[in-house]
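Now for the letters of each chain:
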Amino acid sequence: MEKNKIFKKFQSFQKLKISKNSSEKEILERIQKIYQENSNNLNKLFSISHQKILSEVINDLFSDQDKNHFHFSLKENALAEINTMHGTDILKYLIHRYRYEIFPQKKILDKFPPLVQIEPSSICNFRCVFCFETDKNFTNKKNGFMGTMKVDLFKNIIDQIENNVEFVTLASRGEPLVSKEFDEMIKYTSGKFLNLKINTNASLLNEKKCHSILESKIKTLVFSADAADEKLYSELRVNGKLSTTLRNIKMFNSIKEKYYKTSKIITRVSGVKFKSDQKFDDMEKLWGDLVDQVAFVDYNPWENNYEKDPNDIEQSCSDLWRRMFVWWDGKINPCDVDYKSNLKIGNISNLSISKAWNSKVYSMLREKHLSKKRSELTPCRSCVQV
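Let me sum up the structure you'll find in this document.

Basis of the calculations
Residues numbered from 1 in each chain as written. Predicted model: local features only at pLDDT ≥ 70, side-chain atom pairs only at ≥ 80, totals over all residues. Heavy atoms only, no water. Helix = DSSP H or I, 4+ residues; strand = E, 2+ residues; numbered from the N terminus. Rg over C-alpha atoms; globule rule 2.2 N^0.38 Å. Buried < 20%, exposed > 50% of the residue type's maximum accessible area, 1.4 Å probe, protein only. Areas by Shrake-Rupley, 256 points an atom, 1.4 Å probe, with all protein chains shown as cover. Lys, Arg positive; Asp, Glu negative; His and termini not counted. Charge placed at Lys NZ, Arg CZ, Asp CG, Glu CD. Contact = heavy atoms within 4.5 Å. 1 Å grid on protein atoms, 1.4 Å probe; cavity = no way out; pocket = protein on both sides within 12 Å on 5 of 7 lines; lining within 4 Å. Points joined across faces, edges and corners; volume = space filled by probe spheres on them. Nonpolar A, V, L, I, M, F, W, Y, C, P; charged D, E, K, R; others polar. Salt bridge = Lys/Arg side-chain N within 4 Å of Asp/Glu carboxyl O. Pairing = 2+ DSSP bridges. Axes fitted to C-alpha atoms, helices over the stretch in contact; angles between N-to-C directions. Phe/Tyr/Trp six-rings, centres within 6.5 Å; stacked < 30°, edge-to-face > 60°. Core = buried A, V, L, I, M, F, W, Y, C linked by side-chain atoms within 4.5 Å. Polar contact = N/O pair within 3.5 Å; in protein donor to acceptor, adjacent residues only side chain to side chain.

**Considerations on the overall build of the chain**
Counting its regular elements, the chain contains 15 helices and ten strands. Against the globule reference of 21 Å for 386 residues, the chain gives a C-alpha radius of gyration of 20 Å, in line with a compact fold. For the chain, the spread of C-alpha atoms along the principal axes amounts to about 60 × 55 × 45 Å. The buried share of the chain, reckoned over its 386 residues, is 54%. Here the chain displays about 17,900 Å² of accessible surface, and carbon together with sulfur accounts for 47% of that area. Taking the average place of the 63 positive charges on the side chains of the chain and the average place of its 50 negative ones, the gap between the two points comes to 3 Å.

Shown next as C-alpha cells:
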C-alpha cells in the first residue's frame, strides 16, 4: 500500500512572513528578566501544576542541555504574540503555549483542553473547493447541520473556560460573521483570554463588526484568502470576490488607524496551498502592506473523509490532546475533520467542558489512537491528520 502524506496540524504553516517583530534574542531576554523579577512570587501567581510547567519552559528555553524530542521552543508566530504582551501575562502565555504544543506530544491531560474552538456558525456564504462546505449533505438544512449559536450558549462556554483556558478560536465549520449575535459574543470575551483568535473570510465584515473586534481586544484576526488575483481567488473561494475582501480589510485598517491606534491586534492573511499556481511571492506583494502576517498552510484533504478508503496511518492524532470543538448547537466534538459529528463526545447542555475533556468517550478515542486502532473509527480511518 502506498504511504499516505501526513498532515501535521500543529506544524501546518508552509510559509509565514511576519512584517514586524522583535528578535528572538530580545524576547528571550524579556522573558528571562520577567521570570527573575517574579521568581519569589510564583506561588501567588500560579498553581503548583502551572509552576511546574513554567519551570520546564524556562529550562527548555535557557538550558544548554541536549534538546530532547519534546523540547519547547518559540516559533515565529508565538514570538509575535509575546511581542504584544507585558509583565506576568508573558509567563502565563508561556504556560499555555506549552500546554498547546507539548501536552499533545507527551499525551498529557489536565482538567481543561489547551484550546477550545467555538463555532458561532456552521453556515458559510462561500463554497471553497478544499472545504467540507462543498458536501451538499452537510449544507442541506433539512439534515440539521446548519445553524448559528445562541448568545446564551456562547456565554455559558466562555464562563466555563475563563481562567482555565487561554487559547480560544472563534471559527470552525462555517463563517463566524454569519451569526447575527456576533457583536454581542465578541463583547463578552473582552479581556478574558490571552490568545483569542477569529478566522473569517472577511466578506461580511462591516464597520460595526470592525469596531466590535477592535474594542474586544482580540489577539489575532485571520483573514482567509488564498490568492492574489481575482480569477484564482474566485476559483478557490467559490462565491467570493477578491475585490470585496480587499475593500473590507482596507476598511478594517482605516478604522483601526483612526480609532484604535494603540491596538495590539495581529492581523494575518492565511491561505490554503491547494494549487501550484498559488504563488507566495504574489501573496506577499498584495497583502504584505495590509496585514502583519502572510501565510500559506498545508492543504488537509478533509472534504469528505467519510467516503474515502481507509489509509495506513497509525500515528495518533495530536488534536485529541490539544483542542476541543463546540458546535453552534452545543455538540462537543474532538475534531472538525469529523464535521458530521460521528465521534461526538456529548452536548454542552448536560456535560461541562472539563468533564467532557476527561470523559470515558474521549478516553476511548485516545486509547484507540494510542493502540494504533484508529482504523476502527470513522472518519479517523481515512484521515491523514496527526
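Here the narrative resumes.
**Some points on the environment of isoleucine 6**
Structurally, the position occupied by isoleucine 6 is in the segment before strand 1 (13-18). For isoleucine 6, a relative accessible area of 34% puts it in the partly exposed group. Separated by 255 residues in the primary sequence, isoleucine 6 and lysine 261 place their C-alpha atoms 42 Å from one another. Those residues within four positions of isoleucine 6 in sequence are excluded, and the remaining contacts are Ile313, Gln315, Val384 and Val386.

**What to know about empty space enclosed by the protein**
Regions of empty space are outlined by a rolling probe, equal in size to a water molecule, passed over the atoms. Counting across every chain of the model gives one cavity of 30 Å³ or more. By volume, the largest cavity amounts to about 130 Å³. Along the walls of the largest cavity sit 15 residues, with Cys317, Cys335, Leu343, His369 and Cys380 positioned nearest its centre. For the lining of the largest cavity, the residue count by class is eleven nonpolar, one polar and three charged.

**Considering the pattern of salt bridges**
With the rule as written, the count across this model stands at 16 salt bridges. For lysine 231, the salt bridge goes to glutamate 235, with nearest N and O atoms at 2.6 Å. In this pair, lysine 231 and glutamate 235 both sit in helix 11 (residues 230-236), four residues apart, roughly one turn of the helix. Residue classification places glutamate 235 among the partly exposed residues on the basis of a relative accessible area of 32%. Two residues, lysine 275 and glutamate 235, come together in a salt bridge whose shortest N-O distance is 3.3 Å.

**Here's the deal with the sheet that holds strand 7 (residues 293-298)**
The ten strands are arranged 1-7-6-5-4-3-2-8-9-10 in an open sheet whose pairing can be described as mixed. Both edges of this open sheet fall to strand 1 and strand 10 (346-347), since each of them pairs with a single strand only. Helix 13 (residues 280-287) rests against strand 1, strand 6 (266-273) and strand 7 of the sheet, and its axis sits at about 150 degrees to strand 7.

**Some details on the packing of aromatic side chains**
If you walk through the whole model with that rule in mind, you get 17 aromatic pairs. Ring geometry for tyrosine 306 versus tyrosine 339: centroids 5.2 Å apart, planes at 80 degrees, classification edge-to-face. Placement of tyrosine 306 in the loop between strand 7 and strand 8 (323-326) and of tyrosine 339 in the loop between strand 9 (331-333) and strand 10 is noted, with a sequence separation of 33 residues between them. The same class applies to tyrosine 306 as to tyrosine 339, namely buried. Taken together through their ring pairs, the aromatic side chains of Phe132, Phe138, Phe145, Trp302, Tyr306 and Tyr339 make up a single cluster.

**Considerations on the layout of surface pockets**
Taken as a whole, the second largest pocket encloses approximately 500 Å³ of empty space. Among the residues forming the lining of the second largest pocket, the class breakdown is nine nonpolar, five polar and seven charged.

**Observations regarding the nonpolar core**
By size, the foremost hydrophobic cluster in this structure holds 84 residues, and its most contacted members are Ile118, Met149, Ile161, Ile213, Phe223, Phe252 and Trp287. Other than its neighbours up to four places away in sequence, isoleucine 118 contacts Met149, Phe154, Ile157, Ile158, Ile161, Val168, Thr169, Leu170, Ala171 and Val326.

**Concerning helix 10 (residues 207-215)**
Within the span of helix 10, buried status applies to Lys209, Cys210, Ser212, Ile213 and Leu214. For helix 10, the secondary structure elements touched by its buried residues are helix 9 (182-189), strand 4 (195-200), strand 5 (220-224) and helix 12 (242-259). Structurally, the start of helix 10 carries an N-cap: the backbone nitrogen of lysine 208 is 3.2 Å from a side-chain oxygen of asparagine 206. At the exit of helix 10 stands lysine 217, carrying a positive phi of roughly 60 degrees.

**Considerations on the pairing of strand 2 (residues 115-118)**
With burial as the criterion, each face of strand 2 is covered, one bearing Leu115 and Gln117 and the other bearing Val116 and Ile118. Relative to strand 3 (residues 167-170), strand 2 runs parallel, the two sharing four bridges. Looking at strand 3, one finds that valine 116 is bridged to valine 168. Pairing of strand 2 with strand 8 involves four bridges; the strand directions are parallel. Of the residues in strand 8, the one forming a bridge with glutamine 117 is phenylalanine 325.

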